[in-house]
Amino acid sequence: MARVELDQVNKVYRSRGQAVHAVKDFSLTVEDGSFVALLGPSGCGKTSTLRMIVGLEDISSGEIRFDDKVVNKLSPEARNVAMAFETYALYPNFTVAENLGFPLEVKGIDAARRDDEIARIAKLLRIEAILGQRPGELSGGQQQRVSLGRALIREPAAFILDEVMSHLDAHLKFQMLFELKRVHQSIGKTTVYVTHDQMEALALADKVAVMTDGVLQQYGTRDDLYHRPANRFVADFIGEPPTNFMMGDVVSAGDALHLRALASGLVFHIDDDRTRALQQRGIQQVLIGIRPQNLRPANGQERQNVERVDVELLINEYLGEQSILTCANGETPLRALAPPDVAYRRGERIGLHYEKRDVMLFDPESEVFLG
Ligand SMILES: Nc1ncnc2c1ncn2[C@@H]1O[C@H](COP(=O)(O)OP(=O)(O)OP(=O)(O)O)[C@@H](O)[C@H]1O
Ligand SMILES: [Mg+2]
(Lines give C-alpha, C1' and ligand atoms only; values in the text may rest on other atoms or scores of the structure.)
(Ligands and ions follow the chains in the order given, each with its own letter.)
Protein backbone atom coordinates (compact mmCIF):
# COMPACT_ATOMS: atom_id res chain seq x y z
CA MET A 1 0.00 0.00 0.00
CA ALA A 2 1.18 3.50 -0.55
CA ARG A 3 0.41 7.13 -0.20
CA VAL A 4 1.39 8.82 -3.47
CA GLU A 5 2.57 12.43 -3.33
CA LEU A 6 3.42 14.80 -6.15
CA ASP A 7 5.25 17.90 -5.04
CA GLN A 8 5.65 20.81 -7.47
CA VAL A 9 6.09 18.41 -10.38
CA ASN A 10 6.85 19.78 -13.83
CA LYS A 11 7.15 18.09 -17.19
CA VAL A 12 8.75 19.88 -20.10
CA TYR A 13 9.08 17.94 -23.36
CA ARG A 14 11.76 19.07 -25.76
CA SER A 15 11.50 17.98 -29.32
CA ARG A 16 13.04 19.59 -32.41
CA GLY A 17 14.00 22.75 -30.58
CA GLN A 18 10.47 23.22 -29.21
CA ALA A 19 9.62 23.05 -25.51
CA VAL A 20 6.16 21.87 -24.42
CA HIS A 21 5.40 22.57 -20.75
CA ALA A 22 2.89 19.72 -20.31
CA VAL A 23 2.60 19.62 -16.49
CA LYS A 24 3.06 22.75 -14.38
CA ASP A 25 3.88 22.88 -10.65
CA PHE A 26 1.57 19.97 -9.99
CA SER A 27 1.10 19.06 -6.31
CA LEU A 28 -1.28 16.35 -5.14
CA THR A 29 -1.53 13.82 -2.33
CA VAL A 30 -3.30 10.53 -2.98
CA GLU A 31 -4.02 9.01 0.42
CA ASP A 32 -3.19 5.38 1.02
CA GLY A 33 -6.00 3.14 -0.19
CA SER A 34 -8.00 5.93 -1.80
CA PHE A 35 -9.35 6.12 -5.33
CA VAL A 36 -8.47 9.35 -7.11
CA ALA A 37 -9.48 10.36 -10.62
CA LEU A 38 -7.43 12.73 -12.73
CA LEU A 39 -9.92 14.49 -14.97
CA GLY A 40 -9.41 17.03 -17.72
CA PRO A 41 -9.80 17.72 -21.43
CA SER A 42 -7.65 16.06 -24.09
CA GLY A 43 -4.04 17.24 -24.07
CA CYS A 44 -4.17 18.74 -20.56
CA GLY A 45 -1.31 16.56 -19.26
CA LYS A 46 -3.05 13.58 -17.62
CA THR A 47 -1.05 10.82 -19.28
CA SER A 48 2.19 12.76 -18.78
CA THR A 49 1.43 12.97 -15.06
CA LEU A 50 0.70 9.23 -14.85
CA ARG A 51 3.81 8.28 -16.78
CA MET A 52 5.89 10.28 -14.30
CA ILE A 53 4.19 8.52 -11.37
CA VAL A 54 4.91 5.06 -12.76
CA GLY A 55 8.42 5.95 -13.93
CA LEU A 56 7.98 5.76 -17.69
CA GLU A 57 8.82 9.43 -18.11
CA ASP A 58 11.52 11.60 -16.50
CA ILE A 59 10.39 14.33 -14.13
CA SER A 60 11.69 17.73 -15.30
CA SER A 61 11.52 19.18 -11.77
CA GLY A 62 9.81 18.50 -8.46
CA GLU A 63 9.46 15.35 -6.42
CA ILE A 64 7.29 12.22 -6.44
CA ARG A 65 7.12 10.25 -3.18
CA PHE A 66 5.59 6.91 -2.27
CA ASP A 67 5.11 6.81 1.51
CA ASP A 68 7.65 9.62 2.01
CA LYS A 69 10.26 7.87 -0.10
CA VAL A 70 11.41 9.85 -3.14
CA VAL A 71 10.99 7.68 -6.25
CA ASN A 72 12.15 10.17 -8.91
CA LYS A 73 15.06 8.01 -9.99
CA LEU A 74 13.53 4.57 -9.46
CA SER A 75 12.70 2.31 -12.40
CA PRO A 76 9.05 1.34 -12.98
CA GLU A 77 9.78 -2.16 -11.62
CA ALA A 78 11.30 -0.79 -8.43
CA ARG A 79 8.28 1.47 -7.87
CA ASN A 80 6.02 -1.61 -7.89
CA VAL A 81 2.97 0.03 -9.43
CA ALA A 82 0.62 -1.79 -11.78
CA MET A 83 -0.59 0.00 -14.85
CA ALA A 84 -3.31 -0.54 -17.36
CA PHE A 85 -3.50 1.76 -20.34
CA GLU A 86 -6.08 2.42 -22.99
CA THR A 87 -4.07 0.42 -25.52
CA TYR A 88 -2.70 -2.25 -23.20
CA ALA A 89 -2.17 -5.15 -25.59
CA LEU A 90 -2.63 -8.72 -24.42
CA TYR A 91 -0.30 -11.48 -25.62
CA PRO A 92 -2.27 -12.85 -28.59
CA ASN A 93 -0.89 -16.41 -28.45
CA PHE A 94 -1.51 -16.80 -24.73
CA THR A 95 -4.84 -17.86 -23.29
CA VAL A 96 -6.58 -15.56 -20.86
CA ALA A 97 -5.23 -17.65 -17.96
CA GLU A 98 -1.69 -17.44 -19.35
CA ASN A 99 -2.02 -13.69 -19.85
CA LEU A 100 -3.14 -13.30 -16.25
CA GLY A 101 -0.42 -15.59 -14.92
CA PHE A 102 2.43 -14.01 -16.85
CA PRO A 103 3.34 -11.25 -14.33
CA LEU A 104 3.51 -13.95 -11.63
CA GLU A 105 5.63 -16.24 -13.77
CA VAL A 106 8.09 -13.38 -14.30
CA LYS A 107 8.28 -13.03 -10.53
CA GLY A 108 9.16 -16.76 -10.26
CA ILE A 109 5.96 -17.82 -8.53
CA ASP A 110 5.25 -21.55 -8.88
CA ALA A 111 2.46 -22.96 -11.01
CA ALA A 112 0.18 -24.06 -8.18
CA ARG A 113 0.12 -20.61 -6.57
CA ARG A 114 -0.26 -18.97 -9.96
CA ASP A 115 -3.38 -21.05 -10.60
CA ASP A 116 -4.84 -19.99 -7.27
CA GLU A 117 -4.22 -16.34 -8.03
CA ILE A 118 -5.61 -16.62 -11.55
CA ALA A 119 -8.76 -18.21 -10.15
CA ARG A 120 -9.11 -15.46 -7.53
CA ILE A 121 -8.74 -12.61 -10.05
CA ALA A 122 -10.97 -14.33 -12.61
CA LYS A 123 -13.70 -14.60 -10.01
CA LEU A 124 -13.29 -10.97 -9.01
CA LEU A 125 -13.64 -9.78 -12.60
CA ARG A 126 -16.14 -12.46 -13.58
CA ILE A 127 -14.06 -13.88 -16.40
CA GLU A 128 -13.88 -17.50 -15.19
CA ALA A 129 -15.72 -18.75 -18.26
CA ILE A 130 -13.18 -17.38 -20.74
CA LEU A 131 -9.91 -18.45 -19.08
CA GLY A 132 -9.12 -20.91 -21.88
CA GLN A 133 -9.76 -18.49 -24.74
CA ARG A 134 -7.25 -16.35 -26.59
CA PRO A 135 -7.56 -12.53 -26.83
CA GLY A 136 -8.61 -12.69 -30.50
CA GLU A 137 -11.72 -14.60 -29.47
CA LEU A 138 -12.83 -12.04 -26.90
CA SER A 139 -15.04 -8.96 -27.08
CA GLY A 140 -13.51 -5.56 -26.37
CA GLY A 141 -15.00 -5.47 -22.91
CA GLN A 142 -13.65 -8.92 -22.07
CA GLN A 143 -10.19 -7.89 -23.27
CA GLN A 144 -10.36 -4.76 -21.12
CA ARG A 145 -11.23 -6.91 -18.12
CA VAL A 146 -8.37 -9.30 -18.78
CA SER A 147 -5.88 -6.45 -19.05
CA LEU A 148 -7.25 -4.99 -15.84
CA GLY A 149 -6.91 -8.44 -14.27
CA ARG A 150 -3.30 -8.63 -15.34
CA ALA A 151 -2.68 -5.36 -13.51
CA LEU A 152 -4.63 -6.45 -10.43
CA ILE A 153 -2.89 -9.80 -10.07
CA ARG A 154 0.45 -8.20 -9.30
CA GLU A 155 -0.21 -7.10 -5.70
CA PRO A 156 1.38 -3.75 -6.41
CA ALA A 157 1.74 -0.72 -4.16
CA ALA A 158 -0.68 1.23 -6.34
CA PHE A 159 -2.79 0.98 -9.48
CA ILE A 160 -2.43 3.51 -12.25
CA LEU A 161 -5.13 3.29 -14.89
CA ASP A 162 -5.25 5.47 -17.99
CA GLU A 163 -8.51 5.70 -19.97
CA VAL A 164 -9.08 1.96 -19.54
CA MET A 165 -12.72 2.20 -20.59
CA SER A 166 -12.52 4.63 -23.48
CA HIS A 167 -13.39 1.99 -26.09
CA LEU A 168 -16.36 0.51 -24.31
CA ASP A 169 -19.96 1.20 -25.21
CA ALA A 170 -22.10 2.91 -22.59
CA HIS A 171 -23.66 -0.31 -21.32
CA LEU A 172 -20.37 -2.15 -20.91
CA LYS A 173 -18.76 0.93 -19.39
CA PHE A 174 -21.43 1.03 -16.76
CA GLN A 175 -20.78 -2.63 -15.96
CA MET A 176 -17.01 -2.09 -15.79
CA LEU A 177 -17.38 0.96 -13.57
CA PHE A 178 -19.30 -1.20 -11.17
CA GLU A 179 -16.70 -4.01 -11.32
CA LEU A 180 -13.84 -1.61 -10.76
CA LYS A 181 -15.54 0.02 -7.82
CA ARG A 182 -16.24 -3.39 -6.35
CA VAL A 183 -12.64 -4.50 -6.85
CA HIS A 184 -11.37 -1.37 -5.18
CA GLN A 185 -13.72 -1.82 -2.27
CA SER A 186 -12.59 -5.39 -1.75
CA ILE A 187 -8.82 -4.89 -2.07
CA GLY A 188 -8.59 -1.21 -1.06
CA LYS A 189 -5.41 -0.31 -2.95
CA THR A 190 -4.36 3.22 -3.81
CA THR A 191 -5.66 3.89 -7.31
CA VAL A 192 -5.11 6.78 -9.71
CA TYR A 193 -7.55 6.67 -12.59
CA VAL A 194 -7.22 8.95 -15.60
CA THR A 195 -10.19 9.94 -17.70
CA HIS A 196 -11.63 12.83 -19.67
CA ASP A 197 -15.13 11.59 -18.85
CA GLN A 198 -16.60 13.29 -15.79
CA MET A 199 -19.24 10.59 -15.38
CA GLU A 200 -16.51 7.96 -14.87
CA ALA A 201 -14.52 10.19 -12.54
CA LEU A 202 -17.46 11.14 -10.37
CA ALA A 203 -18.83 7.60 -10.25
CA LEU A 204 -15.58 5.99 -9.16
CA ALA A 205 -13.39 8.33 -7.22
CA ASP A 206 -13.26 9.43 -3.59
CA LYS A 207 -11.62 12.61 -4.82
CA VAL A 208 -11.22 14.11 -8.26
CA ALA A 209 -8.30 16.24 -9.46
CA VAL A 210 -9.45 18.52 -12.28
CA MET A 211 -6.72 19.83 -14.54
CA THR A 212 -6.47 21.90 -17.68
CA ASP A 213 -3.48 23.12 -19.64
CA GLY A 214 -1.05 21.29 -17.34
CA VAL A 215 -2.35 23.01 -14.20
CA LEU A 216 -4.32 21.47 -11.34
CA GLN A 217 -7.50 23.52 -10.94
CA GLN A 218 -9.14 21.79 -8.00
CA TYR A 219 -8.77 18.64 -5.94
CA GLY A 220 -11.94 17.72 -4.14
CA THR A 221 -14.94 15.50 -3.62
CA ARG A 222 -17.85 15.39 -6.00
CA ASP A 223 -19.69 17.74 -3.67
CA ASP A 224 -16.82 20.26 -3.65
CA LEU A 225 -16.60 20.29 -7.43
CA TYR A 226 -20.31 20.62 -7.87
CA HIS A 227 -21.18 23.13 -5.18
CA ARG A 228 -17.89 24.93 -4.57
CA PRO A 229 -16.07 24.90 -7.92
CA ALA A 230 -12.71 26.64 -7.58
CA ASN A 231 -13.26 28.68 -10.71
CA ARG A 232 -15.25 29.06 -13.89
CA PHE A 233 -13.35 26.26 -15.66
CA VAL A 234 -14.36 23.68 -13.05
CA ALA A 235 -17.96 24.94 -12.89
CA ASP A 236 -18.14 24.66 -16.67
CA PHE A 237 -16.38 21.29 -16.98
CA ILE A 238 -18.28 19.50 -14.21
CA GLY A 239 -21.99 18.98 -14.75
CA GLU A 240 -24.02 18.18 -17.81
CA PRO A 241 -25.36 20.26 -19.50
CA PRO A 242 -22.73 22.87 -18.56
CA THR A 243 -23.35 25.75 -16.18
CA ASN A 244 -24.98 28.95 -17.53
CA PHE A 245 -22.70 31.95 -17.16
CA MET A 246 -23.75 35.59 -17.33
CA MET A 247 -21.88 38.79 -16.63
CA GLY A 248 -23.91 40.83 -14.16
CA ASP A 249 -24.04 44.19 -12.38
CA VAL A 250 -24.50 44.32 -8.64
CA VAL A 251 -27.49 46.67 -8.14
CA SER A 252 -28.66 48.09 -4.79
CA ALA A 253 -32.36 47.98 -3.98
CA GLY A 254 -32.81 49.36 -0.47
CA ASP A 255 -31.04 46.99 1.90
CA ALA A 256 -30.92 44.21 -0.63
CA LEU A 257 -28.75 43.67 -3.65
CA HIS A 258 -29.77 42.26 -7.00
CA LEU A 259 -27.63 40.86 -9.72
CA ARG A 260 -28.69 42.08 -13.13
CA ALA A 261 -27.40 40.03 -16.05
CA LEU A 262 -26.02 42.50 -18.58
CA ALA A 263 -27.05 40.86 -21.83
CA SER A 264 -30.53 39.68 -20.84
CA GLY A 265 -31.57 42.12 -18.10
CA LEU A 266 -32.64 39.10 -16.00
CA VAL A 267 -32.47 39.78 -12.28
CA PHE A 268 -31.08 37.17 -9.86
CA HIS A 269 -31.25 37.20 -6.08
CA ILE A 270 -28.73 35.82 -3.62
CA ASP A 271 -28.87 35.11 0.10
CA ASP A 272 -28.14 37.73 2.76
CA ASP A 273 -24.70 36.46 3.78
CA ARG A 274 -23.33 36.76 0.32
CA THR A 275 -25.11 40.08 -0.20
CA ARG A 276 -23.25 41.48 2.83
CA ALA A 277 -19.96 40.03 1.61
CA LEU A 278 -20.39 41.72 -1.78
CA GLN A 279 -21.30 45.02 -0.09
CA GLN A 280 -18.33 44.87 2.26
CA ARG A 281 -15.93 44.19 -0.55
CA GLY A 282 -17.50 46.89 -2.74
CA ILE A 283 -17.87 44.47 -5.64
CA GLN A 284 -19.83 45.98 -8.53
CA GLN A 285 -19.66 43.35 -11.17
CA VAL A 286 -19.75 39.55 -10.97
CA LEU A 287 -19.82 36.58 -13.25
CA ILE A 288 -23.06 34.76 -12.39
CA GLY A 289 -23.19 30.98 -12.78
CA ILE A 290 -26.25 28.80 -12.45
CA ARG A 291 -26.55 25.11 -13.30
CA PRO A 292 -29.36 23.96 -15.62
CA GLN A 293 -30.27 21.40 -12.92
CA ASN A 294 -31.01 24.29 -10.60
CA LEU A 295 -33.32 26.09 -13.01
CA ARG A 296 -36.71 24.43 -13.20
CA PRO A 297 -39.86 25.50 -15.00
CA ALA A 298 -42.65 26.54 -12.67
CA ASN A 299 -45.20 23.81 -11.97
CA GLY A 300 -47.30 25.49 -9.29
CA GLN A 301 -45.89 23.27 -6.52
CA GLU A 302 -42.84 25.33 -5.67
CA ARG A 303 -41.71 25.67 -2.12
CA GLN A 304 -41.79 29.13 -0.69
CA ASN A 305 -38.62 31.18 -1.01
CA VAL A 306 -37.93 30.10 -4.55
CA GLU A 307 -37.01 32.87 -6.96
CA ARG A 308 -38.03 33.19 -10.54
CA VAL A 309 -36.92 34.57 -13.90
CA ASP A 310 -39.19 34.83 -16.93
CA VAL A 311 -37.85 33.78 -20.30
CA GLU A 312 -38.89 32.73 -23.76
CA LEU A 313 -38.51 29.08 -24.78
CA LEU A 314 -36.35 28.61 -27.87
CA ILE A 315 -35.67 24.87 -28.00
CA ASN A 316 -37.08 21.88 -26.13
CA GLU A 317 -34.75 18.85 -26.43
CA TYR A 318 -36.42 15.72 -25.21
CA LEU A 319 -33.83 13.29 -23.81
CA GLY A 320 -35.97 10.53 -22.37
CA GLU A 321 -35.68 11.07 -18.65
CA GLN A 322 -35.70 14.81 -18.90
CA SER A 323 -35.80 17.66 -21.35
CA ILE A 324 -33.25 20.39 -21.83
CA LEU A 325 -34.95 23.72 -22.35
CA THR A 326 -32.94 26.40 -24.09
CA CYS A 327 -34.48 29.73 -23.22
CA ALA A 328 -33.61 33.35 -23.67
CA ASN A 329 -34.46 36.84 -22.71
CA GLY A 330 -32.71 38.83 -25.39
CA GLU A 331 -29.51 37.37 -26.77
CA THR A 332 -27.88 35.03 -24.22
CA PRO A 333 -29.34 31.54 -24.06
CA LEU A 334 -30.07 30.01 -20.67
CA ARG A 335 -30.43 26.25 -20.23
CA ALA A 336 -32.83 24.62 -17.79
CA LEU A 337 -33.90 21.05 -17.09
CA ALA A 338 -37.53 19.98 -17.10
CA PRO A 339 -39.42 16.75 -16.48
CA PRO A 340 -40.17 15.05 -19.81
CA ASP A 341 -43.92 15.07 -19.43
CA VAL A 342 -44.30 18.82 -19.79
CA ALA A 343 -45.21 19.99 -23.25
CA TYR A 344 -43.87 23.47 -23.94
CA ARG A 345 -44.13 25.23 -27.23
CA ARG A 346 -41.48 27.22 -28.96
CA GLY A 347 -41.88 30.93 -28.36
CA GLU A 348 -43.90 30.40 -25.18
CA ARG A 349 -42.93 32.50 -22.16
CA ILE A 350 -42.15 30.43 -19.12
CA GLY A 351 -41.04 31.07 -15.56
CA LEU A 352 -37.88 29.33 -14.33
CA HIS A 353 -37.46 28.79 -10.63
CA TYR A 354 -34.23 28.66 -8.69
CA GLU A 355 -33.03 28.89 -5.12
CA LYS A 356 -30.82 31.74 -4.00
CA ARG A 357 -28.10 29.45 -2.73
CA ASP A 358 -27.74 27.89 -6.19
CA VAL A 359 -26.59 31.14 -7.78
CA MET A 360 -22.78 30.91 -7.96
CA LEU A 361 -20.61 34.01 -8.12
CA PHE A 362 -17.22 34.38 -9.77
CA ASP A 363 -14.76 37.22 -10.12
CA PRO A 364 -15.28 38.62 -13.65
CA GLU A 365 -11.55 38.93 -14.30
CA SER A 366 -9.78 36.10 -12.50
CA GLU A 367 -12.89 33.86 -12.79
CA VAL A 368 -12.18 32.58 -9.27
CA PHE A 369 -15.17 31.38 -7.23
CA LEU A 370 -16.43 34.07 -4.83
CA GLY A 371 -19.17 32.08 -3.14
N1 LIG B 1 6.62 12.71 -25.97
C2 LIG B 1 6.14 13.95 -26.13
N3 LIG B 1 6.86 14.90 -26.73
C4 LIG B 1 6.39 16.16 -26.87
N5 LIG B 1 5.18 16.57 -26.43
C6 LIG B 1 4.42 15.67 -25.81
C7 LIG B 1 4.84 14.31 -25.62
N8 LIG B 1 3.86 13.63 -24.97
C9 LIG B 1 2.88 14.54 -24.75
N10 LIG B 1 3.20 15.75 -25.26
C11 LIG B 1 2.38 16.98 -25.18
O12 LIG B 1 2.10 17.23 -23.81
C13 LIG B 1 0.77 17.69 -23.65
C14 LIG B 1 0.03 16.78 -22.67
O15 LIG B 1 -0.11 15.49 -23.24
P16 LIG B 1 -0.79 14.28 -22.46
O17 LIG B 1 -0.66 13.07 -23.31
O18 LIG B 1 -0.21 14.22 -21.10
O19 LIG B 1 -2.30 14.75 -22.38
P20 LIG B 1 -3.61 13.97 -21.90
O21 LIG B 1 -4.27 14.83 -20.90
O22 LIG B 1 -3.28 12.59 -21.51
O23 LIG B 1 -4.52 13.96 -23.22
P24 LIG B 1 -5.55 12.84 -23.77
O25 LIG B 1 -6.82 13.00 -22.98
O26 LIG B 1 -5.76 13.24 -25.19
O27 LIG B 1 -4.92 11.49 -23.62
C28 LIG B 1 0.16 17.75 -25.04
O29 LIG B 1 0.28 19.07 -25.49
C30 LIG B 1 1.03 16.82 -25.84
O31 LIG B 1 1.09 17.21 -27.19
MG1 LIG C 1 -3.83 10.66 -22.23
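Residues numbered from 1 in each chain as written. Chains lettered and ligands numbered in written order. Predicted model: local features only at pLDDT ≥ 70, side-chain atom pairs only at ≥ 80, totals over all residues.

(A) How the structure looks around the sheet that holds strand β19 (residues 349–354). Taken together, the five strands give an open sheet; going across it, the order is β15-β19-β16-β17-β18, and neighbouring strands pair in antiparallel fashion. Two strands bound the open sheet, and with one partner strand each, they are β15 (296–297) and β18 (333–338). Relative to β18, strand β17 (residues 323–328) runs antiparallel, the two being bridged by six bridges. Directly across from T326, in β18, lies its bridge partner R335. (Pairing = 2+ DSSP bridges. Helix = DSSP H or I, 4+ residues; strand = E, 2+ residues; numbered from the N terminus.)

(B) Representation of helix α6 (residues 170–187) in the model. Counted at 1.5 Å a residue, the expected span for α6 with its 18 residues is 26 Å, and the 26 Å between its end C-alpha atoms agrees. Just past α6, the residue G188 takes up positive phi, approximately 60 degrees. (Expected span 1.5 Å × (residues − 1).)

(C) Region of interest: the pairing of β17. Here β17 shows a clear split, with S323, L325 and C327 buried on one side and none of I324, T326 and A328 buried on the other. Relative to β17, strand β16 (residues 307–318) runs antiparallel, the two being bridged by six bridges. When the sheet's bridge partners are listed, E317 is paired in β17 with I324. Adjacent in sequence and paired antiparallel, β16 and β17 are bridged by four residues, among which G320 carries a positive phi angle near 90 degrees. Connecting β17 to the antiparallel partner β18 that follows it, the hairpin turn spans four residues, and G330 within it adopts a positive phi of roughly 90 degrees. (Buried ≥ 20, exposed ≤ 12 C-beta atoms within 10 Å, placed from the backbone.)

(D) How the structure looks around the domain arrangement of the protein chain. According to the domain assignment, the protein chain consists of domain 1 (4–237) and domain 2 (244–362). Centre-to-centre separation of domain 1 and domain 2, based on C-alpha positions: 39 Å. (Domains from an automatic or database assignment.)

(E) Representation of unusual backbone geometry. For the peptide bond that leads from E240 to P241, omega is -5 degrees, which places it in the cis range. Structurally, P241 is set in the loop between α9 (232–237) and β11 (244–253). One non-glycine residue, D25, adopts positive backbone phi at about 40 degrees. Tracing the sequence through the fold places D25 in strand β2 (residues 18–30). Since 15 C-beta atoms lie within 10 Å of it, D25 is described here as partly exposed. If you check the backbone angles, D213 has positive phi at about 55 degrees while not being a glycine. Its location among the elements puts D213 in the loop between β9 (207–212) and β10 (215–220).

(F) Structural context of the site of ligand 1. In the vicinity of ligand 1 lie 13 residues, with Y13, A22, S42, T47 and S48 positioned nearest. At the level of elements, β1 (4–15), β2 and α1 (46–54) are the ones that each hand at least two residues to the shell around ligand 1. Tallied by class, residues from the shell around ligand 1 come to four nonpolar, eight polar and one charged. (Near = placed C-beta within 6 Å. Nonpolar A, V, L, I, M, F, W, Y, C, P; charged D, E, K, R; others polar.)

(G) Main features of helix α3 (residues 96–106). Every buried residue belonging to α3 is among V96, A97, N99, L100, G101 and L104, and all of these are buried. On its buried face, α3 sits against α4 (111–124) and α5 (140–152). Positive phi appears at G108, one or two residues downstream of α3, with a value of about 85 degrees. (Contact = placed C-beta atoms within 7 Å.)

(H) Just the sheet that holds strand β13 (residues 267–269), in detail. Strand order in the open sheet made by the five strands is β13-β12-β11-β14-β20, with antiparallel pairing throughout. One side of each edge strand has no neighbouring strand; the edge strands of this open sheet are β13 and β20 (360–362). Here the average twist between neighbouring strands, direction ignored, is 40 degrees. (Axes fitted to C-alpha atoms, helices over the stretch in contact; angles between N-to-C directions.)

(I) Seen up close, the nonpolar core. Ranked by internal contacts, the top residues of the largest apolar core, which has 87 residues, are A37, I160, V192, A209 and I288. Here this core gathers at least three residues from each of two domains, domain 1 (4–237) and domain 2 (244–362). In this structure, A37 is in contact with Y193, T195, A201, L204, A205 and V208, ignoring residues within four places of it in sequence. (Core = buried A, V, L, I, M, F, W, Y, C linked by C-beta atoms within 7 Å.)

(J) Molecular detail of the packing of α3 against α4. Two elements in contact, α3 and α4, have axes whose closest approach is 9 Å; the angle formed by their N-to-C orientations is 125 degrees. Considering the angle they form, α3 stands oblique to α4. Helix-helix and strand crossings are classified by hand; for α3 and α4 the assignment is right-handed. Every residue of α4 that contacts α3 at A97, L100, G101, L104 and E105 is listed here: R114, E117, I118 and I121. (Parallel < 35°, antiparallel > 145°, perpendicular 65-115°, else oblique. Left-handed = near helix turned anticlockwise from the far one by under 90°.)

(K) Geometry of the packing of α3 against α5. Put simply, α3 and α5 touch, their axes get as near as 8 Å, and they point 25 degrees apart. The angle between α3 and α5 falls in the class roughly parallel. The two elements α3 and α5 meet at a crossing, and its hand is right-handed. Contacts from V96, N99, L100 and P103 in α3 reach V146, G149 and R150 in α5. Per-class residue counts for the contact of α3 with α5 are four nonpolar, two polar and one charged.

(L) Structural context of the environment of I118. Along the chain, the position of I118 falls in helix α4. The sequence separation of I118 and G149 amounts to 31 residues, and the corresponding C-alpha distance is 8.7 Å. Those residues within four positions of I118 in sequence are excluded, and the remaining contacts are A97, L100 and G101.

(M) Quick look at the environment of E137. Inspection of the secondary structure assignment puts E137 in the loop between α4 and α5. Between the alpha carbons of E137 and D272 there is a distance of 64 Å; along the sequence they are 135 residues apart.

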